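# Breakdown of the fold
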Amino acid sequence: MTFDDEVRRMVTSQGLGFVATVRPDGTPSLSPKGTTEIWDDDHLVFLDLHSPGTVANLAHNPAVEINVVDPVRRKGYRFRGLGEVHTEGELYERIVERFRQRRGTRPDRVRSAVLVRVLETSRLISPAYEGGASEAEIAAKWRARLTAEEA
């Protein structure tokens with residue numbers, strides 16, 4: 001799998017992925033990860049800065065889905081895959097170093113790194129587009145809503 005430029009732009013610009021895992025009892029668990037990035041052509045990566053539940057769930061069942069969505073444009077991507085937790089070794093060190101260089105993440109804050117082998121990527125598009133609204137119209141509506149909530 002190779003991520004196209006649009007997918008790369010979306011993940012890079014948002015940096016926030018909503019990660020769904022499965023608890024040992026079979027129920028879903030959803031957790032936002034503000035360190036979501038593309039690692040290479042086949043993998044996404046995020047750091048465990050304080051994600052004991054997500055890491056425990058992945059140890060039990062590696063199935064994972066990550067949604068990255070632009071909340072203004074109401075579009076994004078769904079990534080289905082298998083997560084692998086790393087706490088040491090050369091790959092772990094490379095991941096931590098990349099986050100230190102790119103984001104200034106302190107290595108001592110990183111509990112583990114999760115590498116997700118993406119098996120399937122699909123687009124997410126809000127039903128708001130079904131009425132024929134343009135992206136500019138939808139973006140203006142949601143930008144106004146987000147701005148009003150900040151005030």
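Predicted model only: the values in this text are computed from it and were never measured. (Residues numbered from 1 in each chain as written. Predicted model: local features only at pLDDT ≥ 70, side-chain atom pairs only at ≥ 80, totals over all residues. Heavy atoms only, no water.)

### Some details on the pairing of strand β3 (residues 37-40)
As paired strands, β3 and strand β4 (residues 43-48) are joined by 3 bridges and run antiparallel to one another. Directly across from Glu37, in β4, lies its bridge partner Val45. Here β3 folds back onto β4 in antiparallel fashion, the turn holding 2 residues. (Pairing = 2+ DSSP bridges. Helix = DSSP H or I, 4+ residues; strand = E, 2+ residues; numbered from the N terminus.)

### Some points on the packing of aromatic side chains
According to the stated counting rule, one finds 2 aromatic pairs in the structure shown. On the numbers, 5.9 Å between centres and 85° between planes, the contact of Phe3 with Phe79 is edge-to-face. Of this pair, Phe3 sits in the segment before α1 (5-14) while Phe79 sits in strand β6 (residues 75-86), and the two are 76 residues apart along the sequence. The class of Phe79 is buried, set by a relative accessible area of 1%. (Phe/Tyr/Trp six-rings, centres within 6.5 Å; stacked < 30°, edge-to-face > 60°. Buried < 20%, exposed > 50% of the residue type's maximum accessible area, 1.4 Å probe, protein only.)

### Digging into the sheet that holds β6
The strand order across the open sheet built from 7 strands is β2-β1-β5-β6-β7-β4-β3, with neighbouring strands paired in antiparallel fashion. Of all strands in the sheet, those with a lone pairing partner are β2 (28-33) and β3, marking the two edges. Pairwise comparison of adjacent strand axes, ignoring direction, gives a mean angle of 35° for this sheet. Of the strand pairs in this sheet, β6 and strand β7 (residues 112-125) are connected by 12 bridges, and their pairing is antiparallel. Along β7, the bridge assignment pairs Tyr77 with Arg123. Helix-sheet contacts for helix α2 (residues 52-60) involve β1 (17-22), β2, β4, β5 (63-70), β6 and β7, and the interaxial angle to β1 is about 45°. Along the sheet face, helix α3 (residues 90-103) touches β3, β4, β6 and β7 and points at about 135° away from the line of β3. (Axes fitted to C-alpha atoms, helices over the stretch in contact; angles between N-to-C directions. Contact = heavy atoms within 4.5 Å.)

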